[in-house]
Amino acid sequence: MNRSDGLVQRRNVSSAASKADPSRDPEDDSAWSDATKDPNAVGEEEDHDSKETRLTLMEEILLLGLKDKEGYTSFWNDCISSGLRGCILSELTLRGRIELEKTGMRRRSLLNRKVLCKSESPTGDVLLDEALKHIKETQPPETVQSWIEYLSGETWNPMKLKYQLRNVRERLAKNLVEKGVCTTEKQNFVLFDMTTHPLNDSNVKQKLVKKVQDTVLTRWVNDPHRMDRRMLMLIYLAHASDVLENAFAPLSDEDYEVAMRRVRELLDLDFEQESAKEGANELLWAVATAFTK
């Protein structure tokens, strides 16, 4: 896949919570903002306030893809399924549950290295814990590319079909309903009925869209290592899931061109080189590589 495919044409946690739940892993809270770990990183501090609705990467990608009134993703979008699996691997990485094996004396490429379980501690998210269980129990370990295929069910190996995560979009949509972001309705499409999830709280999506826009416009730093890791992966995975255009659609022509040019810059980076820099998270760069190679 060309890294710039789909970019040329434009379409018209708080301490109180930790005390309330002693089983809560502190790594989960720190993962929501890598800016707190890196003083040079440009983060979205106001969006990590305890009063905000916290969404996982998977929920954010689905929310960007959902039509506000209709409550379903485009029937023509065949990228979001694998993109959501990339989100799961990225979320597990940000929460400190998985890592990429060490490269050793002979430096191997990101896509040739295996994914290892770093911590067996549950995340509290059903989808994440299901994926973590598969990764932990699989021997020998598999690569990032393989896990994206296995979790999506897009593999020719019948022995690996047991790893497929089923009904992911519907389960994520139910999470958004539980968080008050969406509602649940039934729509009739002549030949069949379908459960849809129209937008209920437009503020949450508006803030998400603005956050994506600001990352490549007003908060642009021209250095991926100074960007909030979660936001960097959101950009890559939104592009991989073919929903990034939805966030840029409201922009003026001038801002749109600037935003898309900067996204292309991120896509054209040498991921192998970026992953070798000090402080880089190799597994996150491996996920980005899997979708842009």
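Residues numbered from 1 in each chain as written. Predicted model: local features only at pLDDT ≥ 70, side-chain atom pairs only at ≥ 80, totals over all residues. Heavy atoms only, no water.

1. Looking at the overall build of the chain
Of the regular secondary structure elements, the chain holds 13 helices and four strands. Within the chain, the fraction of its 293 residues that count as buried is 51%. Carbon and sulfur atoms form 48% of the exposed surface of the chain, whose accessible area is close to 14,900 Å². (Helix = DSSP H or I, 4+ residues; strand = E, 2+ residues; numbered from the N terminus. Buried < 20%, exposed > 50% of the residue type's maximum accessible area, 1.4 Å probe, protein only. Areas by Shrake-Rupley, 256 points an atom, 1.4 Å probe, with all protein chains shown as cover.)

2. Some remarks on the environment of Ala-290
By secondary structure assignment, the location of Ala-290 is in helix α13 (residues 282-292). The spacing of Ala-290 and Thr-143 is 147 residues in sequence and 10.0 Å in space, taken between C-alpha atoms. When residues no more than four places from it in sequence are discounted, the contact partners of Ala-290 are Leu-111, Val-144, Gln-145 and Ile-148. (Contact = heavy atoms within 4.5 Å.)

3. Details of helix α3 (residues 57-65)
Counting buried positions over the nine residues of α3 gives nine, a clear majority of the element. Contacts from the buried residues of α3 go to α4 (80-94), α5 (126-137), α7 (168-178), α8 (202-216), α9 (229-240) and α10 (244-248).

4. Here's the deal with the environment of Gln-164
Along the chain, Gln-164 falls in the loop between α6 (144-152) and α7. Residue Gln-164 is classed as partly exposed on the basis of its relative accessible area of 22%. The spatial distance from the C-alpha of Gln-164 to the C-alpha of Trp-147 is 9.4 Å, given a sequence separation of 17 residues. Look past the residues within four positions of Gln-164 in its chain and what remains in contact with it is Glu-130, Tyr-150, Leu-151, Ser-152 and Gly-153.

5. Considerations on the side chain of Thr-123
Locating Thr-123 in the fold gives a position in the loop between β2 (115-117) and α5. At 3.1 Å, the side chain of Thr-123 and the backbone nitrogen of Asp-125 are in polar contact. (Polar contact = N/O pair within 3.5 Å; in protein donor to acceptor, adjacent residues only side chain to side chain.)

6. Considerations on the confidence of the model for the chain
Averaged over all residues, the pLDDT of the chain equals 84, while 81% of them reach at least 70. The low-confidence segment residues 1-24 (pLDDT under 50) makes 42 contacts with residues lying over four places distant or belonging to another chain. Across residues 29-50 the pLDDT falls below 50, and counting only partners more than four positions away or on other chains, this stretch makes 48 contacts in the model. (pLDDT = per-residue confidence, 0-100.)

7. Overview of the nonpolar core
Core analysis: the largest hydrophobic core is formed by 79 residues, its most contacted members being Ile-61, Leu-89, Val-144, Val-212, Tyr-236 and Phe-248. When residues in this core are grouped by element, the largest group, nine residues, is from α9. (Core = buried A, V, L, I, M, F, W, Y, C linked by side-chain atoms within 4.5 Å.)

8. Let's talk about the packing of aromatic side chains
Using the criterion set out here, one finds six aromatic pairs in the structure. When the ring of Trp-147 is compared with that of Tyr-150, the centres are 5.8 Å apart and the planes differ by 80°; the resulting orientation is edge-to-face. Placement of both Trp-147 and Tyr-150 in helix α6 is noted, with a separation of three residues, approximately one turn of the helix. Trp-147 sits in the buried class, given a relative accessible area of 1%. Pairing Tyr-236 with Phe-271 gives two aromatic rings, centres 5.4 Å apart and planes at 80°, and the pair type is edge-to-face. With Tyr-236 in helix α9 and Phe-271 in helix α12 (residues 271-275), this pair connects stretches of sequence that are 35 residues apart. Pairwise contacts between aromatic rings join Trp-147, Tyr-150 and Tyr-163 into one cluster. (Phe/Tyr/Trp six-rings, centres within 6.5 Å; stacked < 30°, edge-to-face > 60°.)

9. Looking at the pairing of strand β4 (residues 193-196)
Along any regular strand the residues' side chains alternate between the sheet's two faces. The alternating pattern of β4 places Met-194 and Thr-196 on a buried face and Asp-193 and Thr-195 on a face that is not buried. In the sheet, strand β3 (residues 185-188) pairs with β4 via four bridges, with the strands oriented antiparallel. Of the residues in β4, the one forming a bridge with Lys-186 is Thr-195. (Pairing = 2+ DSSP bridges.)

10. Topic: the pattern of salt bridges
Applying the stated criterion to the full structure yields 13 salt bridges. Here Asp-68 and Lys-205 are joined by a salt bridge, their closest N and O atoms 2.7 Å apart. With Asp-68 in the loop between α3 and α4 and Lys-205 in helix α8, the pair connects residues that are 137 residues apart, well separated along the chain. Asp-68 gets classed as partly exposed once you look at its relative accessible area, which sits at 38%. Owing to a relative accessible area of 9%, Lys-205 belongs among the buried residues under this scheme. (Salt bridge = Lys/Arg side-chain N within 4 Å of Asp/Glu carboxyl O.)

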